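Here is how the chains run, residue by residue.
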Amino acid sequence: MQPWPEAGRGLLTRGMPSPEPGGQRSVPSAPQALCEGGGRTPSAVPRFASAPRPGHAGAGRGWSVRCAMAGVAKGTPERPVEQEEDYRLSVCSKICYAIGGAPNQVAGSAAAFFLQIYLLDIAHITPFHASLVLFIGKASGAVTDPVAGFFISKSRWTKIGRLMPWMLACTPFTVMSYFFMWYLPPFVSGRVVWYLTFYCLFQALTTLFQVPYSALTMFLSTDQKERDSATAYRMTMEVLGTLIGAAVQGQIVASAHVSHHCTVNPPVNTTDSWHDTPSFPDPSDPLSHQAKVYLIAAGVIGSVYLLGIIILFLGVKEKDDPYALNSDRAIPFCKGLGLTMKHGPYVKLTASFLLISTAVQLEQSNFVLFCTHAADLRNHFQYLVVTILVSAAMSIPFWQKILQRFGKKCAACGISWMIPFAVMLVTIPNLILAYFVAFVSGLSIAASLLLPWSMLPDVVDNFRLQNPHGKGYETIFYSSYVFFTKMSAGIGLGISAAGLEFTGYKPGTCRQSNDVILTLKILIGAVPAILILVGLFILLFYPITEESRRETKLALEVLRRSHQSTENLDKEDTSV
């Protein structure tokens, strides 16, 4: 029985060395032919790799190893120097790419730490209405994610790329919506609608920026190390952006939350009237001091968006997918979404960091309220926030070294460091302990920010190898991941604000009731701890290891070489 049909033999041996004397052409084995790039098209890959699937985590190990051994045995030439340089990213490109995503983090940090207390104590809307604004706003951003992924996956390649036009187009509208989100309208009855409208717009527009920006990682380089390095630069700059956003916002608006009669010691026989005393008058006037400082902060942070997009546009070049065939069509969005939801590594990664990101969101949104009302640290909250973010920014290179040295799953254990110290702060409110907790929390937050965006490209590569004839699914992966994390964060923030309403939170008062204080302690300590532990437990079943990552990289290199040889043969046929 002939192992290779005549058509298949001509398909695989075309472009191979000339026949040996005697007229007999030596036919290589399948792995040899694929590793040498002698195949006419990469379409031959699934035929020889169907069982087990190539690069599948923990299953396709044998195929890629056999390819590597076959290539070594036949003396496969090493990658040319000029091709190696094409895969490498300059430090300047990595920095420009990282700066491009910083504005979203600057604005997101300011909103995460201060929007809830702004709605409660400055805009004077009820906690229930604040919970509606936070939840519906997050939900609108989450719903926009798959919609953005659908349209971006359908968009055509332009002179500046396929993803860059989306980021350029939505930036001016994002700045406008962010500014009005912090504007105090002169009317009182319609404030809830006002903030709901502009917060939903802001969330939707930041999604239209974040989805293509996140997917851009896959189009910077085909080398995993270069992508991981670019991700580390990005995370460092985004943490710095988070630091800048919280620091700038905190320093500018700190005076809006300080009232003299709230800082003095209350009398021994504290009365309910003292508890109910507003910390400052209702700022119905848009030109009041409290409203002005928030508008100034919004203007400063909004200008950062314009600077970031200019640097991103000038310093980053988007490259087309080097693995997909020119004849390949983009995967239909619904079909691609169904495939991603069935991809085991993606489901486990998303479920894990869905819970972890929700825990971090709860910490951020309730930390200022906790310091103000439950820990008597209202004069230190802005410095504690800065401590958290400085610690996070400084530890990004540390975590990058850890994940390179010990693996990404091992580095995820660092996310749990914040749990015992947060519990200590809740049980023993102390200024020195608060700063120490802020420092350790920054370390954990840095790990939770870096790891999912470093692991997601590995999942995409694993999926790419199992579906070599599709393209355009990168945005589906990134948009659906952000959809789930935003939706979970919105639900968590909505429930936390509703909990404050249920326990009797009174906007603008100097001191809240014991039920409110207990609720804040639970939202800062117990709830995030449970979410993080469950998320890390799910991550134990994440199947992509460092070994399978290397095998996937080798198998994708086979596809790339096969694609290049196909293009060269097409050029030769055209010239003949």
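Located above this text is the structure these notes cover.
These numbers were taken from a predicted model, which means no experiment stands behind them. (Residues numbered from 1 in each chain as written. Predicted model: local features only at pLDDT ≥ 70, side-chain atom pairs only at ≥ 80, totals over all residues. Heavy atoms only, no water.)

### Thoughts on the overall build of the protein chain
At step 1: In terms of regular secondary structure, the protein chain is built from 23 helices and zero strands.
At step 2: Within the span of the protein chain, comprising 576 residues, buried residues form 56% of the whole.
At step 3: If you sum the accessible surface of the protein chain, you get close to 24,100 Å²; carbon and sulfur atoms cover 66% of it. (Helix = DSSP H or I, 4+ residues; strand = E, 2+ residues; numbered from the N terminus. Buried < 20%, exposed > 50% of the residue type's maximum accessible area, 1.4 Å probe, protein only. Areas by Shrake-Rupley, 256 points an atom, 1.4 Å probe, with all protein chains shown as cover.)

### Focus on helix α16 (residues 381-406)
At step 1: The end-to-end C-alpha separation of α16 is 35 Å, in line with the 38 Å expected for 26 residues at 1.5 Å each.
At step 2: Taken as a whole, α16 carries its principal kink of about 40 degrees at S395; the proline P397 stands between one and four residues after it. (Expected span 1.5 Å × (residues − 1). Bend = angle between axes of the 7 residues up to and from the residue.)

### Details of empty space enclosed by the protein
At step 1: Summed over all chains, the structure comprises five cavities of 30 Å³ or more.
At step 2: Of the voids in this model, the largest cavity is the one considered here, and its volume is about 890 Å³.
At step 3: Lining the largest cavity are 38 residues, and of these Q105, K138, Q361, L449 and K486 sit closest to its centre.
At step 4: Elements with a contribution of two residues or more to the lining of the largest cavity: α6 (91-121), α7 (127-154), α9 (191-215), α10 (224-253), α15 (344-374), α19 (431-466) and α20 (474-502).
At step 5: Counting residues per element, the lining of the largest cavity draws most heavily on α6, which supplies eight residues.
At step 6: Looking at the lining of the largest cavity residue by residue, the classes come out as 19 nonpolar, 15 polar and four charged. (1 Å grid on protein atoms, 1.4 Å probe; cavity = no way out; pocket = protein on both sides within 12 Å on 5 of 7 lines; lining within 4 Å. Points joined across faces, edges and corners; volume = space filled by probe spheres on them. Nonpolar A, V, L, I, M, F, W, Y, C, P; charged D, E, K, R; others polar.)

### Some words on the packing of aromatic side chains
At step 1: The final tally for this structure, using the stated rule, is 23 aromatic pairs.
At step 2: Seen from their ring centres, W182 and Y294 are 5.5 Å apart, and the 15 degrees between their planes marks the pair as stacked. Placement of W182 in the loop between α8 (164-181) and α9 and of Y294 in helix α13 (residues 289-315) is noted, with a sequence separation of 112 residues between them.
At step 3: Assessed through its relative accessible area of 0%, W182 is described here as buried. (Phe/Tyr/Trp six-rings, centres within 6.5 Å; stacked < 30°, edge-to-face > 60°.)

### Things to note about the packing of α8 against α13
At step 1: Closest axis-to-axis distance for the α8/α13 pair is 9 Å, and the angle between their directions is 170 degrees. Between α8 and α13, the interaxial angle falls into the category roughly antiparallel. Across from M164, M167, L168, T171, T174, V175, Y178 and F179 in α8, the residues of α13 making contact are L295, A298, G299, I301, G302, Y305, L306, I309, L312 and F313.
At step 2: Of the residues assigned to the contact of α8 with α13, the class counts are 14 nonpolar, four polar and no charged. (Axes fitted to C-alpha atoms, helices over the stretch in contact; angles between N-to-C directions. Parallel < 35°, antiparallel > 145°, perpendicular 65-115°, else oblique. Contact = heavy atoms within 4.5 Å.)

### Let's talk about the environment of A130
At step 1: With respect to the helices and strands, the residue A130 is situated in helix α7.
At step 2: Residues A130 and V192, 62 residues apart in the sequence, show an inter-C-alpha distance of 7.9 Å.
At step 3: Setting aside chain neighbours within four positions, we find A130 in contact with L119, L120, I125 and A497.

### Looking at unusual backbone geometry
At step 1: Despite not being glycine, H124 shows a phi value in the positive range, around 55 degrees.
At step 2: Examined against the element boundaries, H124 turns out to sit in the loop between α6 and α7.

### Some thoughts on a nonpolar patch on the surface
At step 1: On the surface, F128, L132, F135, I136, I491 and I495 cluster together into a nonpolar patch covering about 500 Å² of accessible area.
At step 2: Mapped by element, the contributors of at least two residues to the nonpolar patch are α7 and α20.
At step 3: At four residues, α7 tops the list of elements feeding residues into the nonpolar patch.
At step 4: Along the chain, the position of F135 falls in helix α7.
At step 5: With relative accessibility at 32%, the residue F135 sits in the partly exposed group. (Patch = residues over 30% accessible without salt bridge, like charges linked within 9 Å, V, L, I, M, F, W, Y side chains within 5 Å. Salt bridge = Lys/Arg side-chain N within 4 Å of Asp/Glu carboxyl O.)

### A look at the pattern of salt bridges
At step 1: Applying the stated criterion across every chain, the model contains six salt bridges.
At step 2: A salt bridge links D458 to K408; the nearest nitrogen and oxygen atoms lie 2.6 Å apart. Note that D458 is positioned in helix α19 and K408 in helix α17 (residues 408-411), a separation of 50 residues in sequence. For the residue pair D458 and K408, the accessibility class agrees, reading buried in each case.
At step 3: Here R549 ties to E546 by a salt bridge, and the two come within 2.7 Å at their closest N and O atoms. Of this pair, R549 and E546 both sit in helix α23 (residues 546-575), three residues apart, roughly one helical turn.
At step 4: Relative accessible area serves as the criterion here: at 26%, E546 is assigned to the partly exposed category.
At step 5: Sharing partners across several salt bridges, the network here consists of K408, D458, E546 and R549.

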